[in-house]
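Next come the chains, spelled out residue by residue.
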Amino acid sequence: ESAVGNALQFIDLLRGANLLAGVRGGAGSPRLAWRLLDAQGQPLPPLPPQPGPLAACTQPTAAQPTASLGWFIPSFHAADIPAIRDVAARHRALSRQIGIALDAGHKVLTVGNGAWLTAQSGRLQGRCGCLPWFYLAGLERDFPEMGLNAGHDLTDDGPSLSCAPPHSLDEMAIALVRHALGDALAQTCASVLRPDHDRGRGRAALQANPQQHIPATRDSTLARAMAWMENHLDEPYSQARLAEERR
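Residues numbered from 1 in each chain as written. Predicted model: local features only at pLDDT ≥ 70, side-chain atom pairs only at ≥ 80, totals over all residues. Heavy atoms only, no water.

J.: Please provide a residue-by-residue account of the overall build of the protein, values included.
T.: Within the protein, the secondary structure is distributed over 10 helices and 6 strands. Burial analysis of the protein (247 residues in total) assigns 36% to the buried set. Within the protein, contacts between residues separated by at least 24 positions form 58% of all contacts whose residues are at least 6 apart in sequence. (Helix = DSSP H or I, 4+ residues; strand = E, 2+ residues; numbered from the N terminus. Buried < 20%, exposed > 50% of the residue type's maximum accessible area, 1.4 Å probe, protein only. Contact = heavy atoms within 4.5 Å.)

Next comes the structure, spelled out in structure tokens:
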């Protein structure tokens, strides 16, 4: 009954975060790992391992002696509020597991109406969440102890991280990276995942007049770095080599 595409899209975002972590910190940098669970909370057969820098660390490393754990709950295919109530009622055991996870200090991430399973755990009294406007009245009636951030696409409140529409999954991934791996990597992910319309306009201007952006700073470190990158677009990116070449 779950919107599996939500989970697979989120995994792709986490893989991208791991790729950026490797670029910034090398092969030994802390990474995000994941596994898929069924409706009883039991692990599904693992996906084939990804090669090279996309492989997720499944064990804590020396740089990350303890792992932070979280649960990701996608939206459910439900035509209306009574239908999502039926889904939640059938999966009370899973909500209990989520409650145990929250008691253990884990974080729970929900998309859309997946917030029903988290709210049903009874562990989010006084916490805020967000979900699509057409579910607000139903969740508020069923769980009046839980606050709702109407009009917001993403809410990060203590153990709960929730987004209303699936197109906010990139912002959820950035928030998770910030909690798990720090602000620096989160900012790097944001620069890649968030649209930058100003940068797009600037790029168009550079393409219109390609010879005028380097000459004014021809001998600067930045100019040499830009020139080296433009001449080596077909090679793997390496911050260490870039730093060496721009001297």
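Read on, since the account is not over.
J.: How would you sum up the pairing of strand E2 (residues 107–111)? Please name residues and give values.
T.: Counting buried positions along E2 gives 5 out of 5 residues, so the element sits mostly inside the fold. Side chains of E2 alternate between two faces, with Lys 107, Leu 109 and Val 111 and Val 108 and Thr 110 buried alike. Of the pairings in the sheet, the one linking strand E1 (residues 70–73) to E2 comprises 4 bridges and is parallel in character. Residue Ile 73 lies in a different strand from E2, and its bridge partner there is Thr 110. By the bridge criterion, 4 bridges tie E2 to strand E6 (residues 160–163) in an arrangement that is parallel. Note that in E6 the partner of Thr 110 across the bridge is Ser 162. (Pairing = 2+ DSSP bridges.)

J.: So what about the packing of helix H2 (residues 81–90) against helix H5 (residues 133–142)? Which residues, and what values?
T.: Helix packing geometry: the angle between the two helix axes and the distance between the axes. It is the contact of H2 with H5, at a shortest axis distance of 10 Å, that shows an interaxial angle of 50 degrees. As judged from the angle between their axes, H2 and H5 are oblique. Read as a crossing pair, H2 and H5 show a hand that is right-handed. Along its contact with H2, which presents Ile 81, Ile 84 and Arg 85, the element H5 presents Phe 134, Tyr 135, Gly 138, Arg 141 and Asp 142. Looking at the contact of H2 with H5 residue by residue, the class counts come to 4 nonpolar, 1 polar and 3 charged. (Axes fitted to C-alpha atoms, helices over the stretch in contact; angles between N-to-C directions. Parallel < 35°, antiparallel > 145°, perpendicular 65-115°, else oblique. Left-handed = near helix turned anticlockwise from the far one by under 90°. Nonpolar A, V, L, I, M, F, W, Y, C, P; charged D, E, K, R; others polar.)

J.: So what about the nonpolar core? Which residues, and what values?
T.: Core analysis: the biggest nonpolar cluster contains 23 residues, and Ile 84, Ile 98 and Trp 116 have the highest contact counts within it. Filtering out sequence-adjacent residues up to four positions away, Trp 116 remains in contact with Ile 81, Ile 84, Arg 85, Ala 88, Leu 131, Tyr 135, Gly 138, Leu 139, Asp 142 and Phe 143. If you look at the next biggest cluster of nonpolar residues, it comprises 22 residues, including Val 111, Leu 169, Leu 176 and Cys 189. (Core = buried A, V, L, I, M, F, W, Y, C linked by side-chain atoms within 4.5 Å.)

J.: Account for a nonpolar patch on the surface, with residues named and values stated.
T.: A surface patch of nonpolar side chains, about 320 Å² in accessible area, is lined by Leu 19, Val 23, Met 229 and Tyr 237. Along the chain, Val 23 turns up in helix H1 (residues 4–25). (Patch = residues over 30% accessible without salt bridge, like charges linked within 9 Å, V, L, I, M, F, W, Y side chains within 5 Å. Areas by Shrake-Rupley, 256 points an atom, 1.4 Å probe, with all protein chains shown as cover. Salt bridge = Lys/Arg side-chain N within 4 Å of Asp/Glu carboxyl O.)

J.: Tell me about the side chain of Asn 6, residues and numbers included.
T.: As for its position among the elements, Asn 6 is in helix H1. Engagement of the side chain of Asn 6 in a polar contact is seen with the backbone nitrogen of Ser 75, the distance being 3.3 Å. Those residues within four positions of Asn 6 in sequence are excluded, and the remaining contacts are Phe 72, Pro 74, Ser 75, Val 111, Pro 166 and Leu 169. (Polar contact = N/O pair within 3.5 Å; in protein donor to acceptor, adjacent residues only side chain to side chain.)

J.: Can you break down helix H6 (residues 169–181) residue by residue, with the values?
T.: The α-helix advances 3.6 residues per turn, and as a result positions three or four apart in sequence lie on the same side. Here H6 is 13 residues long and its end C-alpha atoms lie 17 Å apart, about the 18 Å a rise of 1.5 Å per residue gives. Directly after H6, the chain includes Gly 182, whose backbone phi takes a positive value near 105 degrees. (Expected span 1.5 Å × (residues − 1).)

J.: So what's going on with helix H9 (residues 221–231)? Residues and values would help.
T.: Residues of H9 that are buried: Ala 223, Ala 225 and Trp 228. Tucked inside the fold, the buried residues of H9 contact helix H10 (239–245).

J.: Which residues make up the pairing of E6, and what values go with them?
T.: Neither face of E6 is exposed, since Ser 160 and Ser 162 on one face and Leu 161 and Cys 163 on the opposite face are all buried. Taken together, the 4 bridges between strand E5 (residues 154–157) and E6 define a ladder with antiparallel strand orientation. Across the sheet, Asp 156 pairs through a bridge with Leu 161, a residue of E6. Here E5 folds back onto E6 in antiparallel fashion, the turn holding 2 residues, of which Gly 158 has a positive phi close to 60 degrees.

J.: Talk me through the confidence of the model for the protein; I want residue IDs and the actual numbers.
T.: On average, residues of the protein carry a pLDDT of 82, and 81% of them reach 70 or more. Looking over the protein, one finds the lowest element-wise mean pLDDT in helix H8 (residues 197–208), namely 56, and the highest in E2, namely 95. Throughout residues 50–65 the model reports pLDDT below 50, and contacts reaching past four residues in sequence, or to other chains, amount to 24 contacts. (pLDDT = per-residue confidence, 0-100.)

J.: Break down the pattern of salt bridges for me, with residues and values.
T.: Two side chains of opposite charge can pair, provided their charged atoms sit close to one another. Scanning all chains against the criterion turns up 8 salt bridges. One salt bridge connects Arg 15 with Asp 12, and the closest N-O pair in it is separated by 3.5 Å. Highlighted residues: Arg 15 and Asp 12, both in helix H1, separated by 3 residues, approximately one helical turn.

J.: So what about the packing of aromatic side chains? Which residues, and what values?
T.: Under the counting rule described, the total for this entry stands at 4 aromatic pairs. Plain terms: the ring middles of Phe 10 and Phe 72 are 4.5 Å apart, the flat faces sit at 10 degrees to each other, and that makes the pair stacked. In this pair, Phe 10 is assigned in helix H1 and Phe 72 in strand E1, connecting sequence segments 62 residues apart. Residue Phe 72 is classed as partly exposed on the basis of its relative accessible area, which comes to 22%. For the ring pair Phe 134 and Tyr 135, a centre distance of 4.9 Å and an interplane angle of 55 degrees mean the geometry is tilted. Exposure remark for Phe 134: the relative accessible area of 46% places this residue in the partly exposed category. One aromatic cluster in this structure is built from Trp 116, Trp 133, Phe 134 and Tyr 135. (Phe/Tyr/Trp six-rings, centres within 6.5 Å; stacked < 30°, edge-to-face > 60°.)

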